[in-house]
Amino acid sequence: MKCSKCGEEVPADAIYCPRCTGERETSDAEVKLGGVKGGTIGLAIGLAIVTVILNYYDLERGIKAIVLIVPVATFTTGLIIGLVKAKREWK
Ligand SMILES: [Zn+2]
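Cut-offs used in this document
- Residues numbered from 1 in each chain as written.
- Predicted model: local features only at pLDDT ≥ 70, side-chain atom pairs only at ≥ 80, totals over all residues.
- Heavy atoms only, no water.
- Core = buried A, V, L, I, M, F, W, Y, C linked by side-chain atoms within 4.5 Å.
- Buried < 20%, exposed > 50% of the residue type's maximum accessible area, 1.4 Å probe, protein only.
- Helix = DSSP H or I, 4+ residues; strand = E, 2+ residues; numbered from the N terminus.
- Contact = heavy atoms within 4.5 Å.
- Patch = residues over 30% accessible without salt bridge, like charges linked within 9 Å, V, L, I, M, F, W, Y side chains within 5 Å.
- Areas by Shrake-Rupley, 256 points an atom, 1.4 Å probe, with all protein chains shown as cover.
- Salt bridge = Lys/Arg side-chain N within 4 Å of Asp/Glu carboxyl O.

(A) Region of interest: the nonpolar core. Residues Val50, Ile53, Ile63, Val67 and Val70 constitute the largest nonpolar core, which totals 5 residues. When residues in this core are grouped by element, the largest group, 3 residues, is from helix α2 (residues 61–90). With sequence-adjacent residues up to four places away left out, Ile53 is seen in contact with Ile63 and Ile66.

Right under this line is the structure:
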């Protein structure tokens, strides 16, 4: 019997393909790494935006909220994009 995913020859009674199961473990780490990478890039973009905003505006109450929210929002977005991208590459 051949594995439908990787085409590797596996025993007919095998529930899981040993090759795919083995790859899955490393890919799980890769997905996490993708998320960390995406999050880091997102955070860097957020901080860059905040730096630009602070160059134009004084740190007033409304600006303070933006300065706090923007890096969190870009970090989260980057994290999700990184995770999804890594997961897609895995398949
Ligand atoms: Zn396989």
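(B) A look at the environment of Leu33. With respect to the helices and strands, Leu33 occurs in helix α1 (residues 18–56). For the pair formed by Leu33 and Leu83, sequence separation is 50 residues and the distance between their alpha carbons is 8.1 Å.

(C) Inspection of a nonpolar patch on the surface at higher detail. Together, Ile41, Ile45 and Ile49 make up an exposed nonpolar region whose accessible area comes to about 260 Å². The exposed category is assigned to Ile41, whose relative accessible area is 54%.

Keep in mind these numbers describe shape, not what the thing actually does.
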